[in-house]
Amino acid sequence: MVQNVARVMAELEPEDFHLLSGIEHGMRFSRWVAQGKLPEFSRLDSGSIDYRIDRCMDRELLERKTIQYTGYRLTFEGYDALALRTFAERETIDGVGAPLGVGKESDVYEARSFQPLALKYHREGYTNFRAVQKEREYTADKEHRSWLYTARKAAEREYDALETLYPDVSVPRPVDQNRHAIVMERIDGVELSRAELESQQVVGVCDLVCSEMAAAYDAGYVHADMSEYNVFVASDGVTVFDWPQAVPADHENSRELLRRDVANVLGHFEQKYPRETPDIDREALTEALVDDSFDGIREFAE
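Criteria and thresholds
- Residues numbered from 1 in each chain as written.
- Predicted model: local features only at pLDDT ≥ 70, side-chain atom pairs only at ≥ 80, totals over all residues.
- Heavy atoms only, no water.
- Helix = DSSP H or I, 4+ residues; strand = E, 2+ residues; numbered from the N terminus.
- Phe/Tyr/Trp six-rings, centres within 6.5 Å; stacked < 30°, edge-to-face > 60°.
- Buried < 20%, exposed > 50% of the residue type's maximum accessible area, 1.4 Å probe, protein only.
- Lys NZ or Arg CZ within 6 Å of the ring centre and 35° of its normal.

**Q** Looking at this structure, I do not really get unusual backbone geometry. What am I missing?
**A** One can expect most non-glycine residues to show negative phi and most peptide bonds to be in trans. Cis rather than trans, the peptide bond between Tyr-166 and Pro-167 has omega equal to 5°. Examined against the element boundaries, Pro-167 turns out to sit in the loop between helix 7 (147-165) and strand 7 (174-178). Unlike most non-glycine residues, Arg-43 shows phi in positive territory, near 60°. Looking at the secondary structure, you find Arg-43 in the loop between helix 3 (38-42) and helix 4 (46-58). Residues other than glycine seldom take positive phi values, yet Asp-242 does so here, at roughly 70°.

**Q** Can you walk me through the packing of aromatic side chains in this structure?
**A** To describe a pair of aromatic rings, you give the distance between the ring centres and the angle between the ring planes. On inspection of all chains with the given rule, the structure shows six aromatic pairs. With 4.5 Å between their ring centres and 40° between their planes, Phe-76 and Trp-147 make a pair best called tilted. Placement of Phe-76 in helix 5 (residues 76-89) and of Trp-147 in helix 7 is noted, with a sequence separation of 71 residues between them. Of the two residues, Phe-76 and Trp-147, both sit in the buried class. Both rings, one in Phe-294 and one in Phe-300, keep their centres 6.3 Å apart while their planes meet at 5°; by these two values the pair is stacked. Each member of the pair, Phe-294 as well as Phe-300, carries the same accessibility label: buried. Grouping aromatic residues by their ring pairs yields a cluster made of Phe-76, Tyr-79 and Trp-147. The aromatic ring of Phe-17 is capped on one face by Arg-85, whose charged end is 4.3 Å from the ring centroid. Over the aromatic face of Phe-76 sits the side chain of Arg-123, whose NZ or CZ is 4.6 Å from the ring centroid.

Here's what the structure looks like:
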């Protein structure tokens with residue numbers, strides 16, 4: 001876990017990071033980096049390689065496998081350490097706090113800084129690389145692609161989306177990005193899936209979520225994975241988060257994906273608040289979001 005990595009950062013020496021960076025470079029070409037290549041990739045002399053390997057293995061930053069050769073690769077903790085060091089060198093953050101959310105594709109932690117921040121590590125591809133490779137466009141080419149590449153591209157795509165959308169769309173303010181990690185504004189609120197809305201709040205909150213989807217489309221993006229699990233509800237409004245799968249509004253499938261987002265959002269409200277949620281013409285609502293003519297869900301009631 002990232003908290004464990006944060007604790008060992010002070011124990012690591014510059015040469016340890018040279019080794020980790022060298023293996024990161026080698027993993028661009030093969031899943032396991034041959035030990036004989038480590039002096040070339042890390043620019044460390046062969047006499048110190050074994051010592052550095054032992055230090056990093058003891059801290060669970062590396063994995064070893066013997067196939068036709070002895071090879072090494074970064075663990076996610078090793079990749080975490082490289083990103084965390086970069087953020088520290090940039091003075092973006094100065095420590096890692098408690099976990100805010102841990103899932104299959106990302107881990108989010110409090111980030112210690114002069115302002116409330118969140119540190120998000122993408123985990124795509126580490127245990128289910130083949131499945132992610134089929135689903136995500138940025139892994140579609142036939143070159144060798146490791147989970148490092150998959151996770152880094154997810155972070156880059158999400159950060160680019162946040163930079164484009166903020167502040168016109170209610171998303172977390174992006175602060176910094178390196179490798180598979182993003183530093184962003186920490187958002188206070190309750191996940192929509194866990195929120196217990198009063199009867200008179202249901203339509204209003206649904207309106208707010210749809211308004212943010214419309215604003216995002218106008219700014220150039222479709223979320224493409226909208227659900228009750230990536231919307232925060234607070235007293236001052238809603239915030240939409242988790243954008244690594246976002247697609248440009250001019251993408252050939254953008255309307256289909258927006259239509260699915262609309263169905264997911266309305267489906268949540270209809271299931272959890274059936275009496276308060278009117279029956280909505282989803283196709284008409286989708287078109288209104290595209291045309292920037294949305295003015296409340298009640299006008300689309302069937």
